[in-house]
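A closer look at the structure
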Amino acid sequence: MIKRQIVIVGGGFSGTALAIQLLRQNDDQVAITLIEPRDDLGEGVAYSTQDPAHRIN
Ligand SMILES: Cc1cc2nc3c(=O)[nH]c(=O)nc-3n(C[C@H](O)[C@H](O)[C@H](O)COP(=O)(O)OP(=O)(O)OC[C@H]3O[C@@H](n4cnc5c(N)ncnc54)[C@H](O)[C@@H]3O)c2cc1C
């Protein structure tokens, strides 16, 4: 069977959360590629801030 290829562009909060939800479905016919230039996934703009004043949650 042909695998479905899902490409997520941007591994910040939304892209990483989507990848996690897709992986939780445990469908071995789905291949996920997450494209993110940062070193760490999930941080994005909001959670990579170095300014403590930006940390509101
Ligand atoms: C300082 C700050 C505080 C915030 N606080 C809150 C809060 O308390 N509550 C709240 O709900 N929201 C808050 N936000 C808004 C927050 O940004 C969003 O809620 C949410 O994190 C956005 O998620 P996102 O995945 O759309 O963007 P991001 O998490 O920013 O992810 C986008 C990703 O795309 C990547 N990217 C960009 N261009 C490309 C490209 N060409 N190719 C591949 N990857 C690319 C980036 O590197 C980044 O990792 C805050 C924002 C900021 C800036």
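Coordinates for the structure precede this section.
To keep things clear, this report deals only with the structure shown in the data block. All figures in this text were calculated on a predicted structure; none of them were measured in a lab.

This structure, assessed with the given rule, holds 1 aromatic pair. Ring plane angle 35° and centroid distance 6.2 Å describe the contact between Phe 13 and Tyr 47, whose orientation is recorded as tilted. Of this pair, Phe 13 sits in helix α1 (residues 13-24) while Tyr 47 sits in helix α2 (residues 44-47), and the two are 34 residues apart along the sequence. Accessibility expressed as a relative area gives 56% for Phe 13, which makes it exposed. By relative accessible area, which is 44% here, Tyr 47 ends up partly exposed.

What follows deals with the side chain of Thr 16. By the element assignment, Thr 16 lies in helix α1. One polar contact links the side chain of Thr 16 to the main-chain carbonyl oxygen of Gly 11, over a distance of 2.9 Å. In this view, Thr 16 contacts Gly 11, Leu 34, Leu 41 and Gly 42; residues no more than four positions away in its chain are not counted.

Our focus in this paragraph is the pattern of salt bridges. Taken as a whole, this structure holds 2 salt bridges when the rule is applied. With its nearest N and O atoms 2.7 Å apart, the salt bridge here joins Arg 4 to Asp 27. Residue Arg 4 is located in strand β1 (residues 4-9), and its partner Asp 27 is located in the loop between α1 and β2 (30-35); the two are separated by 23 residues in the primary sequence. With its nearest N and O atoms 3.9 Å apart, the salt bridge here joins Arg 38 to Glu 36. Here Arg 38 falls in the partly exposed class, since its relative accessible area comes to 37%.

So, how was this worked out
Residues numbered from 1 in each chain as written. Predicted model: local features only at pLDDT ≥ 70, side-chain atom pairs only at ≥ 80, totals over all residues. Heavy atoms only, no water. Phe/Tyr/Trp six-rings, centres within 6.5 Å; stacked < 30°, edge-to-face > 60°. Helix = DSSP H or I, 4+ residues; strand = E, 2+ residues; numbered from the N terminus. Buried < 20%, exposed > 50% of the residue type's maximum accessible area, 1.4 Å probe, protein only. Polar contact = N/O pair within 3.5 Å; in protein donor to acceptor, adjacent residues only side chain to side chain. Contact = heavy atoms within 4.5 Å. Salt bridge = Lys/Arg side-chain N within 4 Å of Asp/Glu carboxyl O.

Keep in mind these values describe shape, not function.
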